[in-house]
Each structure stands twice: as structure tokens, then as C-alpha cells.
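Residue strings, one per chain:
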Amino acid sequence: VLLVRNRKEFHALGSKCPHYGAPLSKGNTGSGQREKTTLGRLVLTAQLGGVSLAGVLRGERLRCPWHGACFNIRTGDIEEYPALDSISCFKVTVEDGKVFITAKKKVLTLPAVTEHRQCLGLRDTSRRCLLNRNTMLLLGGGVAALVCAETLRQEGFTGRIIMATNEKHVPYDKSKLSKEMNLKAEDFYLRKPEFLEAQGIEFWTEKEAVSVDFQKQKVHFMDGSSQKYQQLLIATGSHSGFLKVPGAELQNVCTLQTPEESSKILELATGKNLVIVGASFIGRRLEQQQTSRLPASAKDTNGTSLQAGSSSRAACLAFGWVQLPFQMLQNKGVKFHMKTELCELKGKDGKVTEAVLANGDNLPADVVVVGIGSTPNSAFLKGTSIARDDKGAILVNLHMQTNIPNVFAAGDVVTFPVALLDGDRSSIRHQQVAEAHGHCAALNMLKRGKELHTVPYFWTTLLGKSIRYAGCGKGYTDTVVKGSLEQKKFLIFYIRDDHVTAAASLNCDPMVSLIAEVLYLGKQISKEEAE
């Protein structure tokens, strides 16, 4: 149990985040006093923008030090994603200067995720009422649509909710696909089919939308069927970029988007020559798998990564920081071919055997994994009046509304105004943002007038080192570095218009979560304060 004191009030909560089980006690003080946090050679004054950085607790919000999920200490309710569930709340009484907590023993002895998923972590929800003939149709089977569906039920909607996706599975944790490649498909699931059924949420698998008649409020599907709606959410996500070189159609040229593709890559790459096209975080996670997390028999895998130009996150990450992950992987035997392009894939008996580069190098390739960016899944909207940008992303406002009445959009398929960029639009394709979109969309489908308010949060782990990134560094002009790149323990502030719009860290939890909370509260951290 986590016991929290906020001024003169005590609250008792579950002690672990239901997302990945992070200990919520780590780094919490909540005193609001000026303190110092020392992390090796990293020393930060804990008073930034008038908000204490001494702890994850601020007022009645408790923020997870790992991935930034937030909970209300009075109710345990989730207030910021990526966690899907609330945390347990226990009865607290104070007698004669002593604090007493009353809890059920069964709840206290269950694992954190099991406890929240099956026992106490679900808010009271409405049930399906057949008299309510309104239909909310949600296109997509990812976290944006899932959170939208759950929020609709939690907020009292009793009509029909349909999630329709071209996937084979219920919503699953896509961030694990490149991190735990030896799992079964069911082990990735965020919600089991029985959960969705109990919530009265219809889930249609392998149901691909091919067109929408906005005037008649009807969606047509690949199998020839159609479905009318009163409100529509488009959360169809994005797909991996396609190779456009000779030989791209050969066998064992893979993308990484589904549990099946994850296990297939692991099986094919064991003890073989693996070429990864692209140097994104997905690619680096795969390289990590090949160097440190495969079974012993797989550690003979030769990993090679290709990248044309600079890193795909160069718009957000400073030069020294971009180079460090490459160096860490190079030390583990991964070979990088930078500032070159793939010209051709050669094969034998229909299977890829060699990658030919523009610089003349020929690389042996038993398996090729393509990670060269993503494209919104919005081609089925071509020819309609819905507003999209030149890359196909759907334009939405802060209510997640499109330019079409009763049509909302969320997740990877949209571009939306970002408060940290003074309202400039951006597409941020990550789980936490998609969940925030889905929640906001659901409230506005119910006419609640809710504006999107979230701080983008990205996380990963590389060779045992935690990487965190919060905010939006697009268009940054300067950086402030605390700590040491050489010692692989540091925090970077990204500066735009003389104030911090983002922060990234390596092995410095919970600093990025703390900064995310400052940004969430609308406080500005000046460059001088960052320094």
C-alpha cells in the first residue's frame, strides 16, 4: 500500500502502476519545498517554474515515474495514460495520531496488474440497453478506439458500441512487439475478449472499412457489408512504409506490426544475417533483441542497420543524444551503414539473400526488416470531403472533431494542434497520445465539450538503460544537458523560444515524469531555469 499525505489529509492507494507494475513510491515526496535531487553527477534544483520537482506527487495527482501515467489520490482514477486502469483506494482513518488502513487481504496479495485488471481497477460502467438504439461506430482496433469505447461506457452511454478492425486480435500492446518477441499473441492483449463482451462492446475482427458515406452516415466494408452510425470515430492507425526497390517482394522481407510478424522475425533471425532498413527506435529495439535478449543459440545473429540521412528523430533529439544509442549497439556488434540507401534486394529460390547499397556495399541478408516510417491508414477516405493533410493524416481540432459533423478521429491517423507548439499541428504516433485522443473523443461524442490536454510521453529501454521523452521538441533551437553522455546517465532539455518544450533522459528516472507534470500544469521552464 502507498500511503500519501497531501497537506493534512492521508490517502492509501495501490503501490504499483497497473501499466507495467512500476513502484509509485519511487521518487515521491510531494512536500512542495525546495529540494535537490542528485543522480550521480546530475544535480537539479527542484524548484522549476514555481512547481516542485522533488516528487511525482503534485496536489491530488500522482504520476508514475516510468511511463508518466497519472492517478487521482482521492479516487484512484486514471487521469493520464498509458495505464488503462485505475489504482485501488483503501479506507484511511486517523486515531490518536496513528493512521489506520483498512483493506481486503485478497486484494493486497494479488499481483499489481492482476489486481487492477480483474478486481478493483475498473470504474463503474454502464450496461448496454436495447432501448437505446444509438450506435457509436469505432473504426480501428488499437488503443485509441479501445479507450474511446471504455470511456463511453464509463460515462454512461448505454447504446450500441462497435469496434471494427482489419486485425485478427483484440487490442494489444504494440510497444512490446519489438521488446518481447518470444510471447504468444494472447500475451500481448490489453483486454481479453471476455472483458469487451462484459462491457457490451462488439468487437469485429478482420473487418476492413473501404468507404464512408458521410451524408448517409454509413460505413462500407471489404466483405460487402455496411453499418450505419450516429457518431463515428476513425482510429485506423498507420502502417509501415513500403520498400520501393527491386526484390522487395522476396520472402523474409518483413515489417513489424503484428504479434505474428514479431514471432516470425525472431524465428527467422536466430543465428542468421539480419538487415534492418531504417534507424528508428523500432529498429534499435530489434537490434537490442539480437544482441542481448535472444536465447543463447540466437546470439550469433549478425545485425546490420541501414539509414539514409540522419536519424528519424533528429527533429526531436540533439546530435550527441542521437549518436549514443548507435554507439551502445555498435559496442554489441551491430554494424551501421549511415547516409546510404538500399538499391536492391537479391534472392535465391524466392528468398532474400543479399542487400545491395548505393555506396557499393553488398550485405548478406537472410532476413530484412523494414522500419522506414509510417503512413496514416486513411486511403479509404480518398474522394470524400473529410479534411486531410498532404501525408493523408486527418485534421482534427482539440475536441478530436473532423470537419464532418458527428465524425471524430484519433491516434496515429490524425494531425492535431499541440499546446506545447503554440497550437501548431503535429502527428505524434505513440500509445499514450492515442489513448488521450480516444478519451477526449469519447467525451465529445457525448457532447461534453472537452479539450485535449496531455503531454506526449515516449518510453523505451535499450540494453538495460531506460529512455524517456516527454513533450514535443519539434522546432527546438537549443538544448541544455545535465549529467554525462559518456557515463550514459543524463537529462536533456529542448528549448524553443527560450523555454522548455520537451525533455529526454537516459537512466534518470523519474526526472522526465516530473518535468512532464510541470508542462501538464501549464508552467513554463525558462532556459535559464533549465541551466
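Under the annotation held in an unreviewed UniProt entry, the protein chain carries the name AIFM3 factor and is attributed to Certhia familiaris. The heading Sequence similarities (unreviewed entry) in the UniProt record of the protein chain holds the text "Belongs to the FAD-dependent oxidoreductase family."

Chemist: Would you mind going over the overall build of the protein chain with me for this structure?
Modeler: Counting secondary structure elements, the protein chain contains 10 helices and 38 strands. Residues classed as buried in the protein chain amount to 53% of the 531 residues present. Restricting to contacts in the protein chain with at least 6 residues of sequence separation, those with at least 24 account for 63%. Element-wise, carbon and sulfur atoms account for 46% of the exposed surface of the protein chain, whose accessible area totals about 23,400 Å².

Chemist: Could you clarify how one ought to interpret helix α5 (residues 259-269) in this entry?
Modeler: Three- or four-residue spacings in an α-helix give side chains the same orientation, since the helix completes a turn every 3.6 residues. Within the sequence span of α5, burial applies to P259, S262, I265, L266 and A269. Buried residues of α5 fall within an arc of 130° about the axis and therefore sit on the same side. The first or second residue beyond α5 is G271, which carries a positive phi of 70°.

Chemist: Whenever I open this one, the environment of P456 confuses me. Can you help?
Modeler: Positionally, P456 belongs in the loop between α8 (431-445) and β34 (457-462). Judged by relative accessible area, which is 7%, P456 ranks as buried. Spatially, the C-alpha atoms of P456 and V433 are 5.8 Å apart, while their sequence positions differ by 23 residues. Residues within four places of P456 in sequence aside, it is in contact with L420, I428, Q432, V433, Y469, A470 and G471.

Chemist: Quick question: what am I supposed to make of the confidence of the model for the protein chain here?
Modeler: Parts of the prediction with low pLDDT should not have their coordinates interpreted in detail. Considering every residue of the protein chain, the mean pLDDT works out to 85; 83% of them sit at 70 or more. Across residues 28-55 the pLDDT falls below 50, and counting only partners more than four positions away or on other chains, this stretch makes 67 contacts in the model. Long-range and interchain partners of residues 114-121, a stretch whose pLDDT sits below 50, account for 24 contacts in this model, where long-range means more than four residues apart.

Chemist: Mind showing me how you'd approach unusual backbone geometry here?
Modeler: Among all residues save glycine, negative phi is the norm, and among peptide bonds the norm is trans. D509 connects to P510 through a cis peptide bond whose omega is 5°. Tracing the sequence through the fold places P510 in the loop between β38 (499-506) and α9 (511-520). Phi at R7 takes a positive value of approximately 60°, unusual for a residue other than glycine. The phi torsion at Q217 lies on the positive side, around 55°, for a residue other than glycine.

Chemist: Could you clarify how one ought to interpret the packing of helix α3 (residues 143-154) against α8 in this entry?
Modeler: A pair of packed helices is characterised by two quantities: the angle between their axes and the separation of those axes. Put simply, α3 and α8 touch, their axes get as near as 7 Å, and they point 35° apart. Viewed along their axes, α3 and α8 form a crossing whose handedness is right-handed. Contacts between α3 and α8 involve V143, A144, V147, C148, T151 and L152 on the former and, on the latter, Q431, A434, E435, G438, H439, A442, L443 and M445. In terms of residue class, the contact of α3 with α8 is built from 9 nonpolar, 4 polar and 1 charged.

Chemist: It is not clear to me how the side chain of R496 should be interpreted in this structure. Could you clarify?
Modeler: You can see R496 is positioned in strand β37 (residues 489-496). At 3.3 Å, the side chain of R496 and the side chain of D424 are in polar contact. Ignoring sequence-local partners within four residues, the contact set of R496 consists of L421, D424, K474, G475, Y476, T477 and T501.

Chemist: How should I be thinking about the packing of aromatic side chains in this particular structure?
Modeler: Ring pairs (aromatic) are described by centroid distance and by the angle formed between their planes. Throughout the structure, instances matching the rule amount to 3 aromatic pairs. On the basis of an interplanar angle of 70° and a centroid distance of 5.2 Å, the ring pair of Y476 and Y494 is categorised as edge-to-face. Taken together, the residues span a long stretch of sequence, with Y476 in the loop between β35 (465-471) and β36 (478-484) and Y494 in strand β37 at a distance of 18 residues. Connected via pairs of aromatic rings, a cluster forms that spans Y469, Y476 and Y494. Over the ring of Y520 we find R61, and its NZ or CZ is 3.9 Å from the ring centre.

Chemist: Sorry if this is basic, but what is going on with the pairing of strand β19 (residues 231-234) here?
Modeler: When a strand is regular, its side chains alternate between the sheet's two faces. Here β19 shows no split at all, with Q231 and L233 on one side and L232 and I234 on the other all buried. Alignment of strand β13 (residues 135-139) against β19, held across 4 bridges, turns out to be parallel. Directly across from M136, in β19, lies its bridge partner Q231. Direction of pairing for β19 relative to strand β31 (residues 407-409): parallel, over a ladder of 3 bridges. Each residue of the ladder has a partner; that of L232, found in β31, is V407.

Chemist: How should I be thinking about the pattern of salt bridges in this particular structure?
Modeler: For side chains bearing opposite charge, pairing can occur when the charged atoms are close. Counted by the stated rule, this structure contains 14 salt bridges. Of the charged contacts, one joins E517 and R63 as a salt bridge, the two residues approaching to 2.7 Å between their closest N and O atoms. Taken together, the residues E517 in helix α9 and R63 in strand β8 (residues 61-63) connect sequence positions 454 residues apart. Judged by relative accessible area, which is 1%, R63 ranks as buried. Here E150 ties to R191 by a salt bridge, and the two come within 2.7 Å at their closest N and O atoms.

Chemist: So what exactly am I meant to see when it comes to the sheet that holds strand β25 (residues 342-348) here?
Modeler: Strands in a sheet are paired, the pairing made by backbone hydrogen bonds, and the direction either parallel or antiparallel. Sheet architecture is open: 3 strands sit in the order β25-β26-β27, paired in antiparallel fashion. The open sheet is flanked by β25 and β27 (362-364), the only strands paired with a single partner. Sheet twist, expressed as the mean angle between neighbouring strand axes with direction ignored, is 30°. Of the strand pairs in this sheet, β25 and strand β26 (residues 351-357) are connected by 6 bridges, and their pairing is antiparallel. Its bridge partner being in β26, K348 is matched across the sheet by K351.

Each value, and the rule that gives it
- Residues numbered from 1 in each chain as written.
- Predicted model: local features only at pLDDT ≥ 70, side-chain atom pairs only at ≥ 80, totals over all residues.
- Heavy atoms only, no water.
- UniProt positions renumbered as here; feature names shortened; annotations may be inferred.
- Helix = DSSP H or I, 4+ residues; strand = E, 2+ residues; numbered from the N terminus.
- Buried < 20%, exposed > 50% of the residue type's maximum accessible area, 1.4 Å probe, protein only.
- Contact = heavy atoms within 4.5 Å.
- Areas by Shrake-Rupley, 256 points an atom, 1.4 Å probe, with all protein chains shown as cover.
- Arc of directions from axis to C-beta.
- pLDDT = per-residue confidence, 0-100.
- Axes fitted to C-alpha atoms, helices over the stretch in contact; angles between N-to-C directions.
- Left-handed = near helix turned anticlockwise from the far one by under 90°.
- Nonpolar A, V, L, I, M, F, W, Y, C, P; charged D, E, K, R; others polar.
- Polar contact = N/O pair within 3.5 Å; in protein donor to acceptor, adjacent residues only side chain to side chain.
- Phe/Tyr/Trp six-rings, centres within 6.5 Å; stacked < 30°, edge-to-face > 60°.
- Lys NZ or Arg CZ within 6 Å of the ring centre and 35° of its normal.
- Pairing = 2+ DSSP bridges.
- Salt bridge = Lys/Arg side-chain N within 4 Å of Asp/Glu carboxyl O.

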